[in-house]
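An overview of the molecular structure
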Amino acid sequence: MPAASSMGAVSATASTSPAGAPGNAECSGNIYPDGFTGTLALANLESFDEVTTGEALGRMGHLIAWAQAQQARLMNRMQEVFRDSYHDATGRLEPGMAFSLASAECAAILRVPQMTAQRLMDEACRLCGPHAATLTALEEGTLGYPHAQVVLEQCENVPAADLPELEADLLSAAEGQTRAQFSAKARRLREKKYPQTIPARHQSAFEKRKVTLDPVEDGMSWLSALLPAPEAQQIYTALSTSAQGEQADGDPWSRDQLRADILAQLLMGGMGSARSGAAGNTGHRGRKGTADSGGRTRTIDGGRYPDTTDHGDPADAAGGGGHAVEGVGHADKTGAGLTDPDDIGSIPRAEIMVLISAETLFGADEEPAELHGYGPISAEAARRLARNATRWTGLVRDPGTGEILGVGRRRKVPAGLARWLRARDGTCRFPGCRVSTGVTEIDHTKDWAKGGNTEHSNLAHLCRRHHRFKTLGYWKACQPSPGVLEWTSPTGRVYRTEPFLELAGADPNARSVPGPEEVPPF
């Protein structure tokens, strides 16, 4: 560990009787036999001048780098422990399972997504293996963890015999550089010395192409795509050219806003722009506060993409009055009467789910609705989606506890209950997992074969990976109350996951009221 400042900027004390251990278990004196515990404090901060503050800040950077090096050592050790302890001669723990289980344990401990933990563990194994020189430099504070990641990236696909020489050159080049500067310098160095690695690296990067969705606040989300550079540049240029044309026609919105609107219209097959939900707008194209009723279209690469206007009232779209407290609406994004699917080419049908009360739907209140996979959205936005809903599932909810008591059109495996669980869970219910319920499986928390009931208090969504962890018995789960899962990891740590929807705690004395067999449509 880095030494404390000689000027008293940082003071540290250590003892051999630990006060506690990570996780939820109290620790005894023999858990850390090397006495890895103590207190690190920044002393007399108010007396620091600019010189002392700068020196202390530099030492803190060294401390952070040292701590990240130790984290890498610990994650590598966790992988070794799982590999040695959980592998047996029967082959039950097939190749890769130990790594996956170890990364899941680390993800839960560090409170990071499992994919992040897997990346950190992979980097840790490489730092503690063929790239020990980089780990030493990290411990000594001569470079930061982002720089170490650049070294690992640039050493991919380089012949093993040449790794020590390239690694030494990269570590020398890192001195005094920011991560971005070092990344550019390291890439040129590697490509100059090993041009034959360029095709292999491109193929490896190409196989990682993907699209991700990251919700942010205020009803917005980031939609990101990792694509080959030429295609990404071509798409961005096409969007920019079209946005510039819109501005030339008098559109007042910024080029960034127009690019976003055009992209949304292209992918949604003419369903309209994101701007339709902006405050103060009643139209999709045209000036603020006015609707362009002339059927204005955009032109991109010769294609015409129509703008749309609002269609009717929520009550008209929903049908007659209903008695259910909640409704789950399913909007068909190919048009619902707005656009002929045959005119959209290969745009597939896409379903989104909104949980909205009857009172909000018909305008009696302005309570937020729930957009599946995102969270609360405004009543106005929910009613706009309701206009295009192709079907509804009526739900009866206890207003005092928030518990769903019944589902319309009961079946042996009720489709309505499955839709409710999708809305309730939002994602896989494993600690830290964010896989959407749209691609997960409904699991009986207590096995159906062992007497577990098919009801919402014994059901939860799990992605395929974490469903397998539970089925094979590595992780164990229970529901102490409906919708709340408690997980026990292979090392005995206990983690609690809450449902995506925030429901009031159920009253144990409340009587369960069965829902109607037929729920009238909204």
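Residues numbered from 1 in each chain as written. Predicted model: local features only at pLDDT ≥ 70, side-chain atom pairs only at ≥ 80, totals over all residues. Heavy atoms only, no water.

**Observations concerning the overall build of the protein**
Of regular secondary structure, the protein possesses 15 helices and 17 strands. Within the protein, the fraction of its 522 residues that count as buried is 39%. Across the protein, the fraction of contacts at a sequence separation of at least 24, relative to all contacts at a separation of at least 6, is 58%. Surface exposure of the protein reaches about 28,500 Å², of which carbon and sulfur atoms provide 54%. (Helix = DSSP H or I, 4+ residues; strand = E, 2+ residues; numbered from the N terminus. Buried < 20%, exposed > 50% of the residue type's maximum accessible area, 1.4 Å probe, protein only. Contact = heavy atoms within 4.5 Å. Areas by Shrake-Rupley, 256 points an atom, 1.4 Å probe, with all protein chains shown as cover.)

**Concerning the nonpolar core**
Residues Leu 101, Phe 430, Phe 469, Trp 475 and Trp 487 are the most contacted members of the largest nonpolar core, which totals 36 residues. The set of elements that each furnish at least two residues to this core consists of helix H1 (50–86), helix H2 (97–110), helix H3 (114–127), helix H4 (132–139), helix H5 (145–154), strand E14 (459–462) and strand E16 (484–488). In terms of residue count, the dominant contributor to this core is H2 (seven residues). Counting 12 residues, the second-largest nonpolar core is a separate cluster that includes Cys 155, Leu 170, Ala 186 and Tyr 194. (Core = buried A, V, L, I, M, F, W, Y, C linked by side-chain atoms within 4.5 Å.)

**What to know about helix H9 (residues 229–248)**
Taking 1.5 Å of rise per residue, 20 residues should cover 28 Å, and H9 covers 28 Å from first to last C-alpha, within 8% of that figure. Residues of H9 that are buried include every one of Leu 239, Ser 240, Ser 242, Ala 243 and Glu 246, and no others. One side of H9 carries all its buried residues, which in axial view fall inside an arc of 165°. Exposed side chains of H9 directed beyond 90 degrees from the buried face belong to Ala 229, Pro 230, Gln 234, Thr 241 and Ala 248. Positive backbone phi, at 105°, marks Gly 250, one or two positions downstream of H9. (Expected span 1.5 Å × (residues − 1). Arc of directions from axis to C-beta.)

**A short note on the pairing of strand E4 (residues 221–226)**
The pairing of strand E3 (residues 210–215) with E4 spans six bridges and is antiparallel. Of the residues in E4, the one forming a bridge with Lys 210 is Leu 226. Here E3 folds back onto E4, and the loop between the two strands holds five residues, one of which, Asp 218, carries a positive phi near 65°. (Pairing = 2+ DSSP bridges.)

**Here we look at the sheet that holds E16**
Pairing between the strands of a sheet is mediated by backbone hydrogen bonds and can be parallel or antiparallel. Here three strands make up an open sheet; going across it, the order is E15-E16-E17 and the pairing antiparallel. Of all the strands in the sheet, the pair left with one neighbour each is strand E15 (476–481) and strand E17 (494–497). Strand after strand, the sheet turns through a mean of 25° between neighbouring axes, direction not considered. Here E15 pairs with E16 via four bridges, running antiparallel. For Ser 481, the partnering residue across the bridge sits in E16 and is Val 484. (Axes fitted to C-alpha atoms, helices over the stretch in contact; angles between N-to-C directions.)

**Describing unusual backbone geometry**
Trans is the prevailing form of peptide bonds, just as negative phi is the prevailing case for residues other than glycine. The backbone of Asn 44 sits at a positive phi, close to 55°, despite the residue not being glycine. Tracing the backbone shows Asn 44 in the loop between strand E2 (38–42) and H1. Here Asn 157, not a glycine, exhibits a phi torsion of approximately 65°, which is positive. Locating Asn 157 in the fold gives a position in the loop between H5 and helix H6 (163–173).

**Examining the pairing of E14**
Alternating residues of E14 divide into Leu 459 and His 461 and Ala 460 and Leu 462, and every residue in both groups is buried. With four bridges connecting them, strand E13 (residues 441–444) and E14 associate as antiparallel partners. Its bridge partner lying in E14, Ile 442 is registered against His 461.

**Quick word on the confidence of the model for the protein**
In regions of low pLDDT, the predicted coordinates are not meant to be interpreted in detail. Mean pLDDT over the protein: 73, with 66% of residues reaching 70 or higher. Considering only residues more than four positions removed or in separate chains, one finds that residues 271–328, a stretch of pLDDT under 50, has 149 contacts. The model gives residues 505–522 a pLDDT under 50, and that stretch makes 39 contacts with residues more than four places away or in other chains. (pLDDT = per-residue confidence, 0-100.)

**Digging into the pattern of salt bridges**
Under the counting rule described, the total for this entry stands at 20 salt bridges. For Glu 123, the salt bridge goes to Arg 119, with nearest N and O atoms at 3.4 Å. Taken as a pair, Glu 123 and Arg 119 lie in helix H3 at a separation of four residues, close to a single helical turn. You can call Arg 119 partly exposed: its relative accessible area is 39%. Between Glu 441 and Arg 464 there is a salt bridge whose closest N-O contact spans 3.9 Å. Of this pair, Glu 441 sits in strand E13 while Arg 464 sits in helix H15 (residues 464–471), placing them 23 residues apart in sequence. (Salt bridge = Lys/Arg side-chain N within 4 Å of Asp/Glu carboxyl O.)

**Examining the packing of aromatic side chains**
Tallied over the entire structure, the rule returns five aromatic pairs. When the ring of Phe 430 is compared with that of Trp 475, the centres are 4.6 Å apart and the planes differ by 65°; the resulting orientation is edge-to-face. Taken together, the positions of Phe 430 in the loop between helix H14 (415–425) and E13 and Trp 475 in the loop between H15 and E15 put the pair 45 residues apart, joining distant regions of the chain. Classification of Phe 430 as buried rests on a relative accessible area of 3%. On the accessibility criterion, Trp 475 (0% relative accessible area) is buried. (Phe/Tyr/Trp six-rings, centres within 6.5 Å; stacked < 30°, edge-to-face > 60°.)

**Describing the environment of Lys 470**
Note that Lys 470 resides in helix H15. Distance from Lys 470 to Ser 489, taken between C-alpha atoms, is 9.8 Å for residues 19 residues apart in sequence. Not counting residues within four places of it along the chain, the set of residues in contact with Lys 470 comprises Asp 443, His 444, Thr 445, Leu 462, Trp 475, Ala 477 and Trp 487.

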